[in-house]
Structures are given as structure tokens and as C-alpha cells.
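Examination of the molecular architecture
Chain by chain, the residues:
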Amino acid sequence: MTTEFWLWIAALCAVALAILLPPLFRRAPISSADGAQRNTDIARQQLAELKQQLQSGALSPTQYEAQYNDLQLSVLDTLDDQGRGTAIGSAGRWIAVPIAILLPVGGLLLYGMLGEPEAMKKAEWQATNQKLADNVQTMVQRLVDRLQQHPDDLEGWMMLGRSFVYMQEYQKAAEAFGELNRRKPGDPAVMLRYADALSMARNGRMSGEPADLVFKALEQVPEDHTALWLAGMAKAESGDFREAIAYWQKLSKLLPADDEAQQQLANMMRMAEAEMVKAPPSNAASAPNVEISVRASLANGRTAPADSTVFIYAQAANGPKMPLAIVRKQVADLPIDVVLNDSMAMQPQLHLADFPKLRIVARVSKSGNAMPAAGDLIGSAELNLADANRRVNVTIDQEVK
């Protein structure tokens, strides 16, 4: 907590004490003295009237004596009441000390139990992060504008791709690195960045183009750390765990013994060894190759932004809902023809041929997330692998609720 925070706490405690304590010390001695004087004057006047009545004969000596005694008792009672009131008023002052101590101490204890001491730091941290995010967005937009005017700026494309990776916008990062790869073909550093971003945009899948890019780069830089890491990931995804372990072992030898990546490499190699026991490589080779032709289109009356993501995938009609094969496109590509096969699998141990009845789905994801969300547009069709015709038309005509 900052000095400013403590100053605010002290100021608030001072204000509270300034409101609570003064009434405890407030007395009215002048008013009490005035009251006593008035009562004395009234008593004297009543005594003078009694004496005048005695002299005029209106009162007998016995009556005078009785009323005189009553007057004395009345005056004494009045003075006694005023004395007790003053004593009570002054006696309440003792509570001022406990209040002055307990109010700030109790307030801090309650704040410690119920409050959030790091709230100000969190607010400052959030404000700083938001400002940084805004600055990055502004910088990226300026970079995009500049590349539109100067598309041959290779460093600009590299910076744009890295910026999108930082912002976790992997599809845009892949597009930027893809453009750089077209303008600077054969560069291993570019190919590896493109492969990594493309894999992240496909929910971590390395099969297909990402793996091809990695192994092309690995031919030129056989000891590159990123290339070895991604090559192991690609082999593990394809079910070739022995090759994956070989790449990771080579990488482990190149890294310092105390490198933080060593522990993660060891964990991945243990997991790969366990998978080798559970799923021997012969299983993958025995699965027949299945290809499904899909034509996906958007129904009349259904609209979505042209850059919205379209997922086209096959899943078991009666079985796990994880896509067996998936491709990613954009609304601007629709209508489109794609082919689904086992090379697009998210789980290498599962194959299209393992399930006789499939559900082919095309979904427009406005957020770009792989998980369905309310507002997405979706369409589906079912396919029996026993049918000779493995061609499916999917019309995106429904909205996810």
C-alpha cells in the first residue's frame, strides 16, 4: 500500500474522531449557573411574599412556618438535581480515550479481514496493462497501414507477425508470417515462425503445412532449438513417438543443464514413452485412409463478417465429440470445397474409418474460438462410410443458442 493510501486512512480517521469526540467534552456550566441563580431569585421572592402575608395576618405563624419549610425543601431539591446533571455530563468523558484508540485500530482490522489491501496495486496494474494494450493496438494499426503502402518491407512483416503473437491473435500472425514467407522463401527463421503461428491458429495441431515447414527448416538448421522442439511435437501428434523422443533428446543435449525447458522436455519424453506402450505404431498404419469431400455454403438470409472463422470438421455421430478431422477457413471463402482426411486429425490415435457413421459440421465462429458459442452459425449433415459416395453438402442455416 502506498503512502497516499495511508494518508487517506489517517485523514478519514481524523474526520471520524472530530465528529464523535467533541460532544463528550461539551458542557454547559454557564447555563447551569444561570439556572441556579434564577431559582434562588424565585425562592427569595416567594420568601418575601410569605413574610408579607405573615405581617398582614393572611398567614398564621404555624402556616408561615410550614410553607417556609416547604420552600426550603424545594430549593434544596432543585440544587441537588443540577449537581447530579453536571456530574453525569462530566463522567461520560472517559469513553473518549477508548473511542480514539478503537476507531482507527478496529477500522484497520476490519479492512484487513474484509477489504482488499492490494486493490490499489491491482487497479494501477490493470490501468498500466490497458494502456500498454492500447499502445500495442495503435502501433499494430500504424504498421498495417505502412505495409499497405510499402508491402516489400520484410522487417515490417516480421514485426507485425510477432505483434499478433504477443496479442494472441494467432490467425492474423500466421497470415503475416505467411506473407513474409512468400516474399522471403526458404528462410528457416521465417518458416519456423510461420509454422508455430499456423499451429497455434489450428489449436496446436502440427499436421499438414506446419509440419512440412518445420522439417524443411530443419534441413537447413539441424540444431535449431525451435525446429527440434516443433519437429518433436509434429512427430508426437502423428503417433511416431520414437522419432519425437529422438528430436527432444537432441534438443536436451544442446540446452544448458539448468535451462528451464529441460524439465518440460523430460515430462514430454515420459509421456511419449507411455504412449508408445499404450498405442504401438502398427495401429496407425493399419487404419485405412478415408477422404470425405465437403462443400460448405452459407444459407440465404444468413450473414457474417467476411473475416469470421469457419470450422469444417467431421465427428463421430455416436462417439467422442472431438473432431476427427478439421480445417479452418473464412466466411469470405464460402461456398468452398474441402477434403477431410486423417492428416487433419486432432488426435492421431482416432481415425475416420473407426466410426461407420459420421456427422459433418460447418460452423461460423464470430469469436474465432474452436468451442461453439451463442450467436455462432452452424450447419451439419450425416454420412455413412459404407456408402460409395463420400461427398457431403453442408448448408450453414442455424444459429447456436
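Description of the structure in this document. Since the structure is predicted, the reported quantities are computational estimates derived from the model, not experimental observations.

**A look at the sheet that holds strand 8 (residues 398–399)**
Ordered in space as 3-2-5-6-8, the five strands form an open sheet in which the pairing is antiparallel. Since the sheet does not close on itself, it has two edges, and those belong to strand 3 (325–330) and strand 8, each with one partner. As paired elements, strand 2 (residues 309–316) and strand 3 share six bridges and run antiparallel to each other. Bridge pairing in strand 3 links tyrosine 313 to isoleucine 326.

**Comments concerning the packing of aromatic side chains**
Scanning the entire structure with this criterion turns up one aromatic pair. On the basis of an interplanar angle of 45° and a centroid distance of 6.1 Å, the ring pair of phenylalanine 215 and tyrosine 247 is categorised as tilted. Of this pair, phenylalanine 215 sits in helix 10 (residues 209–220) while tyrosine 247 sits in helix 12 (residues 241–254), and the two are 32 residues apart along the sequence. Accessibility expressed as a relative area gives 23% for phenylalanine 215, which makes it partly exposed. According to the relative accessible area criterion, tyrosine 247 is buried, its value standing at 17%.

**So, the side chain of serine 163**
Locating serine 163 in the fold gives a position in helix 7 (residues 154–166). With sequence-adjacent residues up to four places away left out, serine 163 is seen in contact with Met139 and Val140.

**Quick word on the pairing of strand 2**
Among the eight residues in strand 2, eight count as buried, and that is most of the element. What you see with strand 2 is no split at all: Thr309, Phe311, Tyr313 and Gln315 on one side and Val310, Ile312, Ala314 and Ala316 on the other are buried throughout. Relative to strand 5 (residues 357–365), strand 2 is paired through eight bridges, and the arrangement is antiparallel. What sits directly across from isoleucine 312, in strand 5, is alanine 362.

**So, unusual backbone geometry**
Cis peptide bonds are those with omega within 30 degrees of zero, and the linkage from leucine 334 to proline 335 qualifies with -10°. Positionally, proline 335 belongs in the loop between strand 3 and strand 4 (336–340). The backbone of glutamine 168 shows a phi angle near 65°, a positive value even though the residue is not glycine. Within the fold, glutamine 168 resides in the loop between helix 7 and helix 8 (170–183). Phi at asparagine 203 takes a positive value of approximately 60°, unusual for a residue other than glycine. Relative to the assigned elements, asparagine 203 resides in the loop between helix 9 (188–201) and helix 10.

**Quick notes on the environment of glycine 239**
Tracing the chain through its elements places glycine 239 in the loop between helix 11 (225–237) and helix 12. A C-alpha to C-alpha distance of 8.5 Å links glycine 239 and glutamate 275, two positions 36 residues apart in sequence.

**Concerning the sheet that holds strand 1 (residues 292–298)**
Spatial strand order, 4-1-7: three strands in an open sheet with mixed pairing. If you trace the sheet from one side to the other, it starts and ends with strand 4 and strand 7 (391–396), each paired once. Between one strand axis and the next, the sheet turns through 25° on average, direction left out of account. Pairing between strand 1 and strand 4: five bridges, direction antiparallel. Looking at strand 4, one finds that valine 294 is bridged to valine 338.

About the criteria used
Residues numbered from 1 in each chain as written. Predicted model: local features only at pLDDT ≥ 70, side-chain atom pairs only at ≥ 80, totals over all residues. Heavy atoms only, no water. Pairing = 2+ DSSP bridges. Helix = DSSP H or I, 4+ residues; strand = E, 2+ residues; numbered from the N terminus. Phe/Tyr/Trp six-rings, centres within 6.5 Å; stacked < 30°, edge-to-face > 60°. Buried < 20%, exposed > 50% of the residue type's maximum accessible area, 1.4 Å probe, protein only. Contact = heavy atoms within 4.5 Å. Axes fitted to C-alpha atoms, helices over the stretch in contact; angles between N-to-C directions.

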